[in-house]
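Chain by chain, the residues run as shown.
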Amino acid sequence: MNNEVTVYSTNTCPYCDMMKSFLNQNNISFTEVNVQTDQVAAQKLVETTGQMGVPQTNINGQWVLGFDPDRVLALIKA
């Protein structure tokens, strides 16, 4: 089953690293968007979610704010 997973992160966010490590450990492929270097993506993210913090992870159209492995696993299609 294909899952659409995008992690919005910055270079200095420890929780972003935790989220990416968690996804890798669970063999969940993802796309990373660095909102520290991509201001357009950063602005779009705030407009979409109303949140400034990272990581924000979009899984199949659903948002996970912060490092929340239980919610990630709940949204992933097996």
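None of the values given here were measured: they were computed from a predicted structure.

**Q** Requested: an account of the overall build of the protein chain, with residues and values cited.
**A** Helices and strands together make up the secondary structure of the protein chain, namely 3 helices and 4 strands. Each helix and strand of the protein chain, ordered N terminal to C terminal, gives the series β-α-β-α-β-β-α. Taken over C-alpha atoms, the radius of gyration comes to 12 Å for the protein chain, in line with the 12 Å a tight globule of 78 residues would show. For the protein chain, the spread of C-alpha atoms along the principal axes amounts to about 35 × 25 × 15 Å. Taken over 78 residues, the protein chain has a buried fraction of 40%. Of the roughly 4,800 Å² that the protein chain leaves accessible, carbon and sulfur atoms contribute 48%. A gap of 6 Å separates the mean positions of the 4 positive and 7 negative side-chain charges of the protein chain.

**Q** Run through the pairing of strand S1 (residues 5–9), naming residues and quoting values.
**A** Among the 5 residues that make up S1, 5 are buried, leaving the element largely enclosed by the rest of the structure. The side-chain alternation of S1 yields two buried faces, one formed by Val5, Val7 and Ser9 and the other by Thr6 and Tyr8. In this structure, S1 lies alongside strand S3 (residues 56–59), joined through 4 bridges in antiparallel fashion. Residue pairing in the sheet places Thr6 in a bridge with Asn58 of S3.

**Q** So what's going on with the nonpolar core? Which residues, and what values?
**A** Judged by nonpolar contacts, Val5, Val7, Met19, Phe22, Leu23, Ile28, Ile59, Val64, Val72, Leu75 and Ile76 together constitute the single largest core of 11 residues. When contributions to this core are tallied by element, the ones reaching two or more residues are S1, helix H1 (14–25) and helix H3 (69–75). Element by element, the count of residues in this core is highest for H1, at 3 residues. If near-sequence neighbours (up to four positions away) are discounted, Val5 is found in contact with Leu23, Ile28, Ser29, Phe30, Thr31, Thr57, Asn58, Ile59 and Ile76. With 9 residues, the next largest nonpolar core counts Val33, Ala41, Ala42 and Leu45 among its residues.

Reading the values: the criteria
- Residues numbered from 1 in each chain as written.
- Predicted model: local features only at pLDDT ≥ 70, side-chain atom pairs only at ≥ 80, totals over all residues.
- Heavy atoms only, no water.
- Helix = DSSP H or I, 4+ residues; strand = E, 2+ residues; numbered from the N terminus.
- Rg over C-alpha atoms; globule rule 2.2 N^0.38 Å.
- Buried < 20%, exposed > 50% of the residue type's maximum accessible area, 1.4 Å probe, protein only.
- Areas by Shrake-Rupley, 256 points an atom, 1.4 Å probe, with all protein chains shown as cover.
- Lys, Arg positive; Asp, Glu negative; His and termini not counted.
- Charge placed at Lys NZ, Arg CZ, Asp CG, Glu CD.
- Pairing = 2+ DSSP bridges.
- Core = buried A, V, L, I, M, F, W, Y, C linked by side-chain atoms within 4.5 Å.
- Contact = heavy atoms within 4.5 Å.

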